[in-house]
Structure formats: C-alpha cells, structure tokens
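# Structure at a glance
Single-letter residue listing:
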Amino acid sequence: MLKSPDPGSSPLNVVSMRGITKAFPGVLANDQIDLDIYASEVHALLGENGAGKSTLMKILYGFYRLDSGQILVNEQPVMIQSPHDARAIQIGMVFQDFSLIPALSVMENLALFLPRLPAVLDVKGINQRIQEVSGRYGLDVNPNALVAQLSIGELQKVEILKLLLADARLLILDEPTRVLAQHEVQALFKVIDTLKKDGYAIVLITHKLREVLECADRITVLRTGKVAGTLIRSEAKEEGLISLMFEKKLGAPIVVPKKVSMEKVSPLLELRDVSTHAEGLETGLKGIDLKVNPGEIVGVAGVSGNGQKELGDVTMGLIHCSHGKKFIFGEDFTDKSVQEARFSGVAFIPENPLTMSIAPFMTVLQNMAITRTMKYARLGGLNIDWQAVRMDVDRSTKKLGFSFPLYILARSLSGGNLQRMVVARELIDEPHLIIASYLTRGLDVQSAIAARQALVQARDNGAGVLLISEDLEELFALSDWLIILYAGKIVGNFKPEDTNVYEIGHLMTGSKVEHVENQ
Amino acid sequence: MTLLAIFGVISSAIFSGTSLLYTTLGEVIDERSGIVNLGLEGVLLVSASSGFAVTSLTGSPYLGILVSVLAGGMMNMILGYLVISRKANQLASGLALMFFGFGLSALIGKSFVGTKINSLPRLLLPGLEGLPRLYTSLFKFDPLIYLVIPMAFLVWWLLFRTRWGLGLRAVGENADIAYASGRNPHLIRYQALFVGGMLAGLGAAQLAIAYAMNWTEYMTAGRGFIAVALVIFSKWHPLRAIVGALIFSAAVAFQLLLQSSGVQISPFLLDTIPYLLTLIVLIAWGGNRKHSAPASLGRVYQGSE
Amino acid sequence: MLKTSEIAPCFPILQNKTIILVIRYLFMILLAFLLFGIILLISGKDPLQSYKDIFTYTMGSAYGFSEVLVAMIPMLLTALAVALPARVGLINVGGEGQLYIGAAFATFGALTFSSLPAWLLLPIMIILGMLGGALWAFVPGYLKSIGLVNETITTLLLNPIAPKIIGFLIFGFWHSPMDTVKTPNFVAAARLPTFFGTRIHLGLVIGLILLALFWLFMKYTRWGLEMRAIGNNAQAARRNGIPLKKYLIVVMCIGGAIAGLAGMSQVSGFYGVLLLNFSLSLGYMGFMVSWLAGGEPLGILLMSFVISVIITGGNLLQLTRGVPYSVINLLLAFTVFVVLARPNLIKGKKV
C-alpha cells in the first residue's frame, strides 16, 4: 500500500556543495561556489539573472554536470549525474516552466511520478494519498481536474505535491512566484512554512527581496557566478542585500553626451493603459503607460521574465492588446499588423535572435533581406536585387564596425555574431523607432560599444529608442528616462540622474521604496 | 419502412461495423501513444489475406484468427521500426506500409480467391429465441461480434486504469515528461503498436473469416482510412468509438432504409456523411483541450539529451 | 557495416560528398530491388527475367519509355502540390481529394462547353481544374491559419469525400447513356493533345514548366524568400513582418490548384472521360514522391521517373508473367522503406 511521507525516515540533514565550478562557452556560470542546505530550513538563493543561481541548482538536480567541485549529502560525497540520481537521494526541483501534462488530470500527473505505482491503478488509494499530503501542507487541489484547467497557482501546488509524493526531502523551487498573484504568493509561503516545520529543506531561487525577507532562514547572494555573501535572516537587511546583489566593479565608464531635451514634440511611441492577456506561463502586462519621444532613449530595467518579452512583442504588434491603445508616430496602431509597423519605420531587436527573428537554414545574407523584401524586390517581386542587399549590409556593418560571414547558414553563426547580424540588419534603414531587447547580450566589449554608439547616434538623429536591458550600467549611461518593469507593471519612472542603482535594484526586486525627493 | 427493414439496417450495421470497431480501437491505442498509422489499410489487408489463407489450408477458423492477429501485430512492427528506431516521417512511412500491404496481400491471397472456408458459428442473440425465424436470422452473430463491445471496455480499462496505459498516454502527450518519470518512450510505443496491430488483425479476421467468408483484393474497401477518421471522430476515446463505428457503418445500411421508404438521396452523398460529421466535430471542438489529439501525435521523439 | 570514413582514404573518389550521396542512393535502390526479387522468387517467378523484361520495356523500347512518361505526368503535379505547401511548413496529404475535385470541375467544363474550339476550351478546363483543387484546399488552409485544426487531419479527411461527390455527379447528372460509372467521352476539343502517336499528353509539358517555375520562384522571387523564411521559423517570420496567415491560406490553395490540375490532366489527357475512382492513389504517391525528393524539383523529376518505371513495369509483369498488378506495390513500398530507414541521408526540407 502507499505510505504517507514520513519526515523521520532517512533524514536528510545537510546537503553541501563545495567549490562548484561550471563553465559554458563564453561564460563562467559558477565560480568556486560553496553552499550548505540544512533540513528544516528555507535557504534563499538570491541574485540577478545570470548570477548563476539556476545553474547551481540544476547541477544539484543532476540536470547539468559540474566541471569541478563536490556535492556532499550528510557529509558523504555523492555523484549526481542525472535527475534520476538526484531523485534517488530525495532531491526534487520545480522548474519555471512546469513539467506537467495538460491533457491529463492532476491525479494522473502525480501517479505518473509515484515511485511504487501498482500495475492496476488504485484510483481511490492514490486519491487518498494525495488528500493526505495536500491536506497536511495546504496544497489543496482537485485530483480529478485536468491540469489544463488549473490556474498557475494550482499548477505549482501540483508540482510541489509531485515532489512530496516521490519522497523528496530537499525541494528546490526556481522563481516560484514569478507568475503568481499576490494571494497565491501568500498561500505558497504558508505551504513552505509548514514543510519547513516538518523537516524538509527548501531552496528558494529568486530575485525578489520581499519574499526572501519574509520567508527565508538563510540567504546566499550570488553575483556573476560567485558567492557575494551568505547571511542568516537576522543579519540581513534590504540595503545590505541589494548592495551584495548589485555592487558593480567600476569598469570603464560609458561616457555618452546627453541630448538636451527638445521642445514639446509628439511621441514616436505611446502606450496608453495597455494590458495583455497572459497565455500560460507568459507574464501579462497590466496598465502600461509609456511614451518614447523623438531624440530620446527610454530604458526599461527589470529582471528578465517580468514582462520584457511581452512589452517588445506588443509594441511590434505580435501580441494583441487586450486593453488600452497603442500609438506609433501618432497613428493608432492598436490593431495593425507587424508588417505595417515595420513599413512605418519601426525596428526590433528581440531578446533571443536565434529563436525569435532569424531563419536558421537560410544564409546570413538572405536573413538580412527578409525584413524588407519589398525594398529589394524588382520586376514586381519576381527578382531580388541581392546587390542592393549587399550594399545595405556593407554600409551598416561598416558603420558599426561589425564583420561576419555572409554566405553561411545563419544557424552556424556564434551567438555573438547572430546578435551583430540582427543589430546590423535592424539599423540598416535608419529606423525612427527602435525597440532593442537585451541589445548587447553575448557581445564582446568592442561590439557592445559599437552597438550602443549606433543607438545613441540614431537618437541624436531624432529617432526614439526603447531599450530593454538587464545591464544597469548600460541603462544608466544611455537612457534619457528609466522605467522599471516588475511583474508586468511599471513600478518606477525616473531620469537616471535622479536615482541610483540601489533604488532601481529595490524596484526590480519588488520592494517598495519611498522616493525621497532631493532638493 | 417496415420493422424488418429497420432490423435489417441494425443487423447490417453490426456485422459491418464490428471489424471497423476493432480496427479503430487498435488505432486509438496507437495514436494515444503518439503514432498515426496511415498504413492501416495495408495492415488490414495482410491480416485478412493471411488469416483467410490459413483458415482455408487448415480448415480451422480459430487458427486463422490467430494468424490474422499476429500478422496485424507484425505489420505494425514494420511501422514501428521505421518511425521509432529510424525516426522516419510517420505519414510517409504509413503510406509506404499501405502500399506494402496492397502488394503482399495480393500475393498471399492470390490462390485463395473464391475458395470457401469453414467459418465461425453464428449464435443467436440471447433473449430473442421467441421471435419468428425471419427476425432471428438477422440477429445471429459470430463470437467476434459478441466480443467487440467488451473489447472496447477492455481497451478503455487498459488505457485509463492501468499503469501501462497511463505511461502510454503520457508518452503520447509529452514523451520528455514520460522519460523524466523513468519510462522508456520507444519501448512503450512499440508495445502500443503491437497491441494496436493485433486488434486491427482481429478486425480483419472478423471481416474475412466471419462476415464475408471470402477473399478479394482490396476487400477492406477503405476501412483503414475510415478507422483513422473514426479515431478523430471519437476524440481518441475507446467508448465513443462504439458510437462512431455504428454511425459510420450504419451509413450504408441507412441508404437502403431511406430507399425502401421512398426517399431518394444519392448513396454517394450519404457515404460522405461520416466524414463530414468528423470534420464538424473537429471544428467544433478544435480548441478544447479535453477533446484534442494527443499532444505529440505525429512527432518524432528525439530521445534523451 | 563498413563506414565510408574508413574506406574513403583508399579511394580518393569517395571523398566527394555528392559521389557518396549518389552511391548511397544506388545502394538503397539496389537493396529494394533485391528484396523484391526475393518476393518474386518465393512466388515462383524468375526475378532476373522479370527485371530484364521491365528494363527492356521501359528503357529499351520507345513505346515502353513513353508509357513511363505518361505515368509520370500526374505524379509530377501531385508531388508539386505537396512540395510547395511544404516550403511554408504545411503538410498537404489532400492531393487525392483535390485531384478529384479538379477533375470534376474540368469535366463540367468539358461537358458544358463542348462546342467551343480546343484553344478556348482547354484553357477554360485548366482554369476550372485549378479552381476546383484550390477550393478543396481552402478550408484546411483557413482552419490552419486561425490555429484551429491541423491541416494534416483536415486534408486527410477531405480525401474520401471527393470521389463520393464525383460518384454523385456522374451517377446523377453526367453519366453516359450506356454506362452509369462514367461520363460520355470528351469531345476532341476537350482532350489535351498527345505527341508522336504515344499517350504522352500536354500535361507533361505543363508539369515540367510548373516544376521549373517552382524552382525559379523559390530561388529568385521575393515571395519565395518569404516563404522559405516562414518554413524556417514561422514565429520569427511574423516578427519580421511577413504576413503569415495570408501565406498559409494562399500557398495551400495553390497547392490544391496544382493537384486539381493533375486531375484535369488525367481526365482530359489520359482518359478522355471521367470515371469513378480513376485515381489509383495518385495523390498519396505524389506525397511519397515529394517526400523522397526532399521537396526539391529535380528530385521530384527523378523520383517520379523511378516510381513510374516501377509502376509501368508492374503493368508489364502482369501481362507477361501473370503477376497480379498489386504485387508491384511491394517494390514501390520497398523503395520507400529503404529510404525512410536512413533519414539522415535526405537533404533539404522535411515534408
């Protein structure tokens, strides 16, 4: 028969990670990280995107293999080579994109992962077991409901239940509250609290300060792959944590001459109370009011996943506004297509070029042409003037100082070259409105400087730029206005000279800050 | 429209629909695991011809049924090898299997065209003993007919109440998650194909050995494709397939009924009704997750990373 | 199995990628013929003799060769009807139905305007045929563009309906006085002209021209470029301003039109009459040809030739060796099987 979880059996007292190092091509994700996770404790792993939190936990869960270092369970070294191994030592992880099957019921999804499932399903028994565990920890769900019908909060409950029913003792939750509503967040905290008291060890990966302060017992802050600091709750204060998260080494400062603000002009881009409907795990935008004037760079700060992708897509017209209006160059573009937006002179550099804006099996040169085929079409469309394409490409790459091969398949380009390719392409026609999402991601210093330079130049020539970025240095240096996006809402709107990294950091992590007006 | 005529329609629908239902049940299992078999027509023909041949040679219809069932399983294994192990395109593989079946069945059945065989006994539906001869002759069914509805329930139970069925459905929805739960999607798909093939073979046996009692080339007359449509119509559910099979096979019989009551609608147009119904069902329930196709139907599972 | 990389150093010619590809294709075809030969042996026929018969007829005799070309015509078109939509990621399994409806529309033209001269009647029939096919493909295309139903399923379902409609039309309105399963013979003006006393009709020219146009279109035109972008990454294409929905519907309809043209060419050029179930799975064979050819026009030409040789050979074997026609399906199936079993050898787009 199916047993209820017994906290006393096979105690998992402490899981330690020592000297964990993991490198990916071009980036050192984890650099000599030490971490201790204790039972009956909530350990928060705090940091910006790219700090290495997810990678570290995926190593613990067996999703990645560590390059060097050791993992110890109850002081005994263990080898975790796959999620199967991790589950065998009772480590479980809930990912950001849930791994549930929508067409099956809750009970079926849970039964799928039960370790001792009998050949003939004992539906009553399984349901009973589910009720026991869910009742005990406040994870109430209807076992017979189809997963497709559940809300995000309920999906999360099921995911946690899945781990509990599979006898996990260490639960890793990756950004669990990213898509939850406020009351669902509170419910989750209660669940976590009950689990903790029952002896479970919980790791909370997050960038949200408020949550950390509310529910963590121990906090480790990661920054660019290293441990910036480990504190227990009583020692932790907001200011301290933020400075650990965001303290930047002073590199060569980006000096950009600021444009003197122009007289009253009509905005190039205006979003009035725009909301979008969130499909599944997307972040819905709520009541966005945004203006980009000519000769202006509006920077959008925020941790990735708080609505940045949706903001870019709704501006282009890829996603519908479920509410509100959108104006481009003064015209109502709310219901217009992407094609029309591009025709009017809007350029878009999306956050993930490989999946979002290129044709992988076509050559680079061909990719350069697909956003404006009308321009290069001759004989009414029967032929394409590749010469003209080449000339445009050459002009753009020369101006930017980029160089990449033109006649190979786009998918063979390195990440950096892909980014350069897309930037070069989008800036060819001197667009009036540029939406740049993570412009310099994957670029080396030279190319990053060149790309930023191009944006500034465009701005100086009267274009408007919506710059979505995670690089605070970049945002502060380039923006004329700085907006902070959190959970699909705009939570702050400043001139860079009126604020600082810490204040922005607060807002990016969801803390409320009273902006004290300096005289 | 006499009572006799109505009963005649029902009887005809049951006789003709049984093989259709078996085939559909088999395809439901296959598609639930994520594989669509466009070669069902070929599978049916090979099963029918080999079963018929064996019956004729050995004199035992039961042996023939056994061979037919195994032949169906084996034919599906060909599809399995191509689609699972070689990761080939499911549609092209299915069509090739169909042509293969055309050819192989013609070869097997060549020397048996026109032969007579010992068929299965026909037993009267219990409870109708008191009726006049004219009626009872309509309701003498062979054992395979009596078995088909219990079989539908068995398939339902297999899919929804066993660990194997759960794993199979998981593979058909999201093979990666099924793999993460410790299952082997490739193995499960092979198993699904074999079981499904056996059911198709059973349907072919009923058609050739019990019902028609002869063999001609292309005798399955599109039942393979009808089954694929039926699976969609029943929204991949074995119990709904019962209703579907009745509707589909009744279309033919229904024509006679209409004619005998003086209504003149072209039999051709009536034949299209089942497919039109399926299309309407698809369009009406297109967005609804509960009624839609298994999520990874038709897609190749690339294996673990 | 020896790996090519192991033998290659000994034979410099094997370093060339194209040569390796050709050798692999030949090997696969050889394998298919071997398997079929075994089958022939089992059924008591002499495989070597049979193959000799097939080749001397199809390649050796002028008439035999012409018969191969005749069989090729509908396949060129039905394969193209699959290959074109495949460029934007659409899977068109509905060639069979589109072909029938095209034939029906063309027949309507032939019967209604039978008094017109050929230079007027034939173009009308061509247009009607294409219209019919396009119409039959429109619903699946539309449903796909709004994201409601997968086009594989809808095109598949529409297939069996088409011949029934033809049956209804013939039976109810068009049947000839003597025969209820076919229309009266088309007037001479409604027949596509043939060449050199063979049965090769104008459809061949049309097919070849369309294949060439397809190649030129995809390679040079603006729409070809946008279509390829869609086929590569539909979401990216949208983001780049390419009108996805329009393309999905239009391309699907054009694919249907081409299949409809295949139907028209069969009834007008080959049969000269519309009869029930005249298509011997031409639509599905076109699907397989396109798939074998990787959707490339040259490949379609080659593959439909190979398949036609097999089919014509089958007809011959039936007459000379008493092999039931259907058995040739085995060779057809084996050929496709061996190719399917080695998926990484097919370059180009997946269908």
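Described in the following lines is the structure provided in the data block. (Residues numbered from 1 in each chain as written. Chains lettered and ligands numbered in written order. Predicted model: local features only at pLDDT ≥ 70, side-chain atom pairs only at ≥ 80, totals over all residues. Heavy atoms only, no water.)

## What to know about the interface of chain B and chain C
Here is the rule: The contact rule is simple, with two residues in contact once any of their heavy atoms fall within 4.5 Å. Summed over both partners, buried area is the accessible surface (1.4 Å probe) that two parts give up on being assembled. Polar contact is defined as a pair of N or O atoms within 3.5 Å, subject to the rule that within protein one atom must be able to donate a hydrogen and the other to accept it, and that residues adjacent in sequence are counted only when both atoms are side-chain atoms. Under the DSSP-based scheme used, a helix requires at least four consecutive residues in state H or I and a strand at least two consecutive residues in state E, with every element numbered from the N terminus. Under the scheme applied, nonpolar residues are Ala, Val, Leu, Ile, Met, Phe, Trp, Tyr, Cys and Pro; charged residues are Asp, Glu, Lys and Arg; polar residues are all the others, including Gly.
Counting residues at the interface gives 41 residues for chain B, matched by 42 residues for chain C. Approximately 3600 Å² of surface area, both sides summed, lies buried where chain B meets chain C, with 85% of it carried by carbon and sulfur atoms. Inspection of the region where chain B meets chain C yields 1 residue pair in polar contact (both at pLDDT 80 or more). Looking at the side of chain B that touches chain C, the elements that each hand over two or more residues are α3 (61-85), α4 (90-109), α10 (223-233) and α12 (267-284) of chain B. Here the side of chain B that touches chain C takes 14 residues from α4(B), the largest share from any one element. Within the side of chain B that touches chain C, the residues separate by chemical class into 28 nonpolar, 8 polar and 5 charged.

## Considerations on the sheet that holds strand β11 (residues 269-275) of chain A
Residues and elements named next belong to chain A. Heads up, the rule is: Being paired, for any two strands, means DSSP has found at least two bridges between them.
Spatially, the 4 strands line up as an open sheet ordered β12-β11-β14-β15, and their pairing is antiparallel. What marks the edges here is a single partner per strand, and that holds for β12 (288-292) and β15 (331-332). Bridge count between β11 and β12: 4 bridges; the pairing is antiparallel. Bridging across to β12, Leu-269 finds its partner in Val-292.

## Overview of the interface of chain A and chain B
What counts here: The salt bridge criterion pairs a side-chain nitrogen of Lys or Arg with a carboxyl oxygen of Asp or Glu, the two atoms within 4 Å.
With 20 residues of chain A in contact, the opposing surface of chain B contributes 19 residues. Between chain A and chain B, roughly 1700 Å² of surface is buried when both sides are summed, and carbon and sulfur atoms account for 70% of that area. On the chain A side of the contact with chain B, A:Ile101, A:Leu112 and A:Leu121 bury the most area, a combined 30% of that side's loss. In this assembly, chain A and chain B are joined by 1 salt bridge. Sorting the residues of the side of chain A that touches chain B by element identifies α2 (83-88) and α3 (106-112) of chain A as the ones contributing at least two each. For the side of chain A that touches chain B, the element with the most residues is α3(A), which contributes 3 residues. Counted by class, the side of chain A that touches chain B contains 16 nonpolar, 2 polar and 2 charged residues.

## Brief notes about the packing of helix α9 (residues 222-232) of chain C against helix α11 (residues 244-271) of chain C
Residues and elements named next belong to chain C. Our working definition: Every axis corresponds to a line fitted to the C-alpha atoms, with the helix fit spanning only the stretch in contact, and the corresponding angles, defined between N-to-C directions, vary from 0 to 180 degrees. Should an angle lie under 35 degrees it is considered roughly parallel, over 145 roughly antiparallel, and from 65 to 115 roughly perpendicular; all remaining angles are considered oblique.
At their nearest, the axes of α9 and α11 sit 11 Å apart, and the two run at 105 degrees to each other. As judged from the angle between their axes, α9 and α11 are roughly perpendicular. Where α9 approaches α11, its residues Trp-223, Glu-226, Met-227 and Ile-230 are matched on the opposing element by Leu-244, Tyr-247 and Val-251. Looking at the contact of α9 with α11 residue by residue, the class counts come to 6 nonpolar, no polar and 1 charged.

## Some points on the environment of A:Ala236
Residues and elements named next belong to chain A. Let me state the cut-off plainly: Summary of the burial criterion: residues with accessible area below 20% of their type's maximum are buried, those above 50% are exposed, and those between are partly exposed, where the area comes from a 1.4 Å probe applied to protein chains only.
Relative to the helices and strands, Ala-236 is located in the loop between β10 (226-232) and α8 (238-246). Ala-236 sits in the buried class, given a relative accessible area of 7%. For the pair Ala-236 and Asp-217, spaced 19 residues apart in sequence, the C-alpha separation works out to 9.9 Å. Filtering out sequence-adjacent residues up to four positions away, Ala-236 remains in contact with Leu-213, Ile-219, Leu-231 and Leu-241.

## Observations regarding a nonpolar patch on the surface
What counts, and what does not: Nonpolar side chains (Val, Leu, Ile, Met, Phe, Trp, Tyr) within 5 Å and like charges within 9 Å form the patches, drawn only from residues with over 30% relative accessible area and no salt bridge. Only the protein chains shown count as cover for residues, and the accessible areas themselves come from Shrake-Rupley with a 1.4 Å probe.
Where nonpolar side chains cluster on the molecular surface, the patch consists of C:Phe27, C:Leu31, C:Leu34, C:Leu35, C:Ile38 and C:Ile42 and spans about 560 Å² of accessible area. Counting through the fold element by element, C:Phe27 comes out in helix α2 (residues 17-42).

## Things to note about the sheet that holds strand β13 (residues 296-301) of chain A
Residue and element names in this part refer to chain A. Taken in spatial order, the 6 strands line up as β16-β19-β20-β13-β21-β22 in an open sheet, and their pairing is mixed. If you trace the sheet from one side to the other, it starts and ends with β16 (346-349) and β22 (489-494), each paired once. With strand direction ignored, the average angle separating the axes of adjacent strands in the sheet is 15 degrees. Pairing analysis gives 4 bridges linking β16 to strand β19 (residues 433-437), with the strands arranged parallel. In the strand pairing of β19, Phe-348 is matched with Ile-435. On the sheet, helix α16 (residues 445-460) packs against β13, β19 and β20 (464-469) and is oriented at approximately 135 degrees with respect to β13.

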